[in-house]
Amino acid sequence: MEPYIINAFEFSRSGEQREGQLNVADLARLSAACADSSGVLGWSLQGGTDALGHSQLSLAIAVTVNLICQRCLESFSFEVSSASSLILAESEEQANEIEDQLEDDAVDVIVGSKNLDLLALIEDEVLLALPLSARHDVCPDASAFENQKSEKPSPFAVLRDLKR
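Described below are features of the structure shown in this document. (Residues numbered from 1 in each chain as written. Predicted model: local features only at pLDDT ≥ 70, side-chain atom pairs only at ≥ 80, totals over all residues. Heavy atoms only, no water.)

### Brief notes about the overall build of the protein
- Across its full length, the protein holds 6 helices and 7 strands.
- Ordered by position in the sequence, the α and β elements of the protein form the string β-α-β-α-β-β-β-α-β-β-α-α-α.
- In terms of overall size, the protein is more extended than a compact globule, its C-alpha atoms giving a radius of gyration of 24 Å where 164 residues would be expected to give roughly 15 Å.
- If you line up the protein on its principal axes, its C-alpha atoms span 80 × 35 × 20 Å.
- The contacts in the protein between residues at least 6 apart in sequence include a share of 57% that link residues at least 24 apart.
- Total accessible area computed for the protein in this model is approximately 10,500 Å², and 48% of it derives from carbon and sulfur atoms. (Helix = DSSP H or I, 4+ residues; strand = E, 2+ residues; numbered from the N terminus. Rg over C-alpha atoms; globule rule 2.2 N^0.38 Å. Contact = heavy atoms within 4.5 Å. Areas by Shrake-Rupley, 256 points an atom, 1.4 Å probe, with all protein chains shown as cover.)

This is the structure:
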């Protein structure tokens, strides 16, 4: 059996734990969403059950990726630190029933599998944590743009003078 394929239900029942590191370059969808494929992703997965006895996976992820700012088109570092609780259901119908029982919106319900691909699960969690529109808080060249704008005379200055 491949090291990143698990029986999710057995993993949860036995309370197993795994952790490791992955290169961002090894995750195709994540690499495509980033400015470059540098970086190392640390992850930890813990199996168990929730208070109602449902099988549960707890996934923690930490990585710093480089994204492209949508304002200035420059690269910047974005830190992802995510902790997710995933309740396992055996079917879509059971997943809907479990979601109706849960009061906590922070817990997601997924359909589990005897051949769950951890790489896909980890990559999905990181992609969900990325911003929809990546931007610097303050773009590094924003001050240069503001200075350029204020130095130019307004094309409407002539109209302002005519109004007087």
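### Focus on unusual backbone geometry
- Positive phi, normally seen in glycine, also occurs at Leu73, with a value near 65 degrees.
- Secondary-structure assignment places Leu73 in the loop between strand E4 (55–68) and strand E5 (75–89).

### A few points about the environment of Asp124
- Here Asp124 is to be found in helix H4 (residues 118–129).
- Judged by relative accessible area, Asp124 falls into the partly exposed class, the value being 31%.
- Between the C-alpha atom of Asp124 and that of Arg29, which follows or precedes it by 95 residues, the distance is 8.8 Å.
- At 2.8 Å, the side chain of Asp124 and the side chain of Arg29 are in polar contact. (Buried < 20%, exposed > 50% of the residue type's maximum accessible area, 1.4 Å probe, protein only. Polar contact = N/O pair within 3.5 Å; in protein donor to acceptor, adjacent residues only side chain to side chain.)

### Structural notes on the nonpolar core
- Within the largest apolar cluster, 32 residues are counted, with the highest numbers of intra-cluster contacts made by Leu30, Leu41, Trp43, Leu45 and Ile122.
- Mapped onto this core, the elements with two or more residues apiece are helix H1 (8–13), strand E3 (40–49), E4, E5 and H4.
- Per-element tally for this core: the top contributor is E4, with 6 residues.
- Discounting residues that sit within four places of it in the chain, Trp43 has contacts with Tyr4, Arg18, Glu19, Gly20, Gln21, Leu22, Ala60, Ile61, Leu118 and Ile122.
- Residues Ala89, Ile98, Val107 and Val109 belong to the second largest nonpolar core, which totals 7 residues. (Core = buried A, V, L, I, M, F, W, Y, C linked by side-chain atoms within 4.5 Å.)

### Comments concerning the packing of aromatic side chains
- Under the defined criterion, the tally for this structure stands at 1 aromatic pair.
- Each ring, one from Tyr4 and one from Trp43, has its centre 6.3 Å from the other, and the planes form 55 degrees; the classification is tilted. Separated by 39 residues along the polypeptide, Tyr4 in the segment before strand E1 (5–6) and Trp43 in strand E3 bring together distant segments of the chain. (Phe/Tyr/Trp six-rings, centres within 6.5 Å; stacked < 30°, edge-to-face > 60°.)

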